[in-house]
Amino acid sequence: MERHAFADYLRSFDYEERLAMKIQLPEMFDLYAEGKAELVDIRFREEYAAWNLGFGLHIPLNELPDRLEELDRSKIIVTMCPHYDRAEIARLYLILQGFESRYLTDGMLGIANALRGDRARDYMNRIGDRRK
Amino acid sequence: MNAVEIDELARKAAPAAMGEVRIGLDEFIQAYNEGKCELIDIRMPEETAIWQFNLGLRIPSNELPERLDELPREKLLVIACPMSDRSNMVRSYLAAKGFQAKYLSGGLLGLADRLKGGAAKSLKLRQ
């Protein structure tokens, strides 16, 4: 059945979907601050242990199939990894599971780079109690 | 710090001496795993709140002059910020104070990139 859904997804893949599958930092920052998106770090546990973000969820990609109930279906699920290759896999899986999902093209390294110095302060103030 | 120490630092700022000033990512990871160095994240509290490394000490650069007693004297101090501008500055300060210190070349952004995927296992985290 899932294979059928995957085939249907590919059949429907068009220029619009090619854009809709991605999200860039400015829009992600806005949607997360407005409570319209959830961020999911899908890196392995060893990677998370080395460093992590102060907001969003952590569900390793290989645990995602068994932890779907932790995701809020009313929100856009933004998947992320250091760059974007694994995030894209996670996003595809979530789409086939009926979620609205987009992958962060700028990656977690993009977030870390974007939120340096006063920009870190300003965004933490903006998201307020949504921080960990 | 006094002027003599700063003068001495300036005299050492030659290409051949830069190995004493900075440490590369792989060299840092090896030294950290061997317990020979400590990472000092000198970013502001808001920065460490938004993304943090789960190793080393977090001492914002503007608090450092009052918190020197928290720094281990027996280890190499590896000073880090997102890139390497602030860490280089702080490294100079600590060197002038008599600490063994280098700044992390490549910065925390480089370290985060270096520790992606299976490479994260190359770091042996101490609890």
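Placed above this text is the structure.
Cut-offs used in this document
Residues numbered from 1 in each chain as written. Chains lettered and ligands numbered in written order. Predicted model: local features only at pLDDT ≥ 70, side-chain atom pairs only at ≥ 80, totals over all residues. Heavy atoms only, no water. Helix = DSSP H or I, 4+ residues; strand = E, 2+ residues; numbered from the N terminus. Rg over C-alpha atoms; globule rule 2.2 N^0.38 Å. Buried < 20%, exposed > 50% of the residue type's maximum accessible area, 1.4 Å probe, protein only. Contact = heavy atoms within 4.5 Å. Areas by Shrake-Rupley, 256 points an atom, 1.4 Å probe, with all protein chains shown as cover. 1 Å grid on protein atoms, 1.4 Å probe; cavity = no way out; pocket = protein on both sides within 12 Å on 5 of 7 lines; lining within 4 Å. Points joined across faces, edges and corners; volume = space filled by probe spheres on them. Nonpolar A, V, L, I, M, F, W, Y, C, P; charged D, E, K, R; others polar. Buried area = accessible area lost by both parts, 1.4 Å probe. Salt bridge = Lys/Arg side-chain N within 4 Å of Asp/Glu carboxyl O. Polar contact = N/O pair within 3.5 Å; in protein donor to acceptor, adjacent residues only side chain to side chain. Core = buried A, V, L, I, M, F, W, Y, C linked by side-chain atoms within 4.5 Å. Pairing = 2+ DSSP bridges.

### Observations regarding the overall build of chain A
Counting its regular elements, chain A contains seven helices and six strands. Written out in order from the N terminus, the α and β elements of chain A read α-α-β-α-β-α-β-β-β-α-β-α-α. Here the C-alpha atoms of chain A give a radius of gyration of 15 Å, agreeing with the 14 Å that 2.2 N^0.38 yields for 132 residues. Along the longest, intermediate and shortest principal axes, the C-alpha atoms of chain A span 50 × 30 × 25 Å. The proportion of buried residues among the 132 residues of chain A is 47%. Considering only residue pairs separated by 6 or more positions, chain A has 66% of its internal contacts joining residues 24 or more positions apart. In the structure as shown, chain A presents an accessible area of about 6800 Å², 51% of it carried by carbon and sulfur atoms.

### A few points about the layout of surface pockets
Residues and elements named next belong to chain B. The volume enclosed by the largest pocket comes to roughly 320 Å³. Along its surface, the largest pocket is lined by 19 residues, and Leu9, Lys12, Val21, Arg91 and Ala95 are the ones closest to its centre. Where the lining of the largest pocket is concerned, the elements lending two or more residues are helix 1 (3-12), helix 4 (85-96) and strand 6 (101-104). If you tally residues by element for the lining of the largest pocket, the top one is helix 4, at five residues. Of the residues that constitute the lining of the largest pocket, the class distribution is ten nonpolar, three polar and six charged.

### Regarding the interface of chain B and chain A
Taken together, the 22 residues of chain B in the interface contact 23 residues of chain A. With both sides pooled, the region where chain B packs onto chain A buries about 1900 Å², and carbon together with sulfur makes up 67% of that total. For chain B, the biggest contributors to the area lost against chain A are Glu46, Ile50 and Trp51 of chain B; these three give 29% of the whole. Applying the counting rule to chain B against chain A returns zero salt bridges. Counting across the chain B and chain A interface gives ten residue pairs in polar contact (both at pLDDT 80 or more). Breaking the side of chain B that touches chain A down by element, the ones donating at least two residues are helix 3 (45-50), strand 3 (51-53) and helix 5 (107-114) of chain B. A per-class count over the side of chain B that touches chain A returns 13 nonpolar, three polar and six charged.

### Focus: the nonpolar core
Counting 47 residues, the largest nonpolar core has Met28, Phe55 and Ile111 of chain A together with Phe28 and Trp51 of chain B as the members making the most contacts within it. Ignoring sequence-local partners within four residues, the contact set of Phe28 of chain B consists of Ile23, Cys37, Leu39, Leu55, Val78, Leu104 and Leu111 of chain B.

### What to know about the sheet that holds strand 1 (residues 22-23) of chain B
Consider a sheet: its strands pair through backbone hydrogen bonds, and that pairing is either parallel or antiparallel. All names here are of chain B. Strand order in the open sheet formed by five strands is 1-6-5-2-4, and the pairing between neighbours is parallel. Edge positions in the open sheet fall to strand 1 and strand 4 (57-58), since each of these has one partner strand only. Here three bridges tie strand 5 (residues 76-80) to strand 6, and the two strands are oriented parallel to one another. Among the inter-strand pairings, Val78 is bridged to a residue of strand 6, identified as Lys102.

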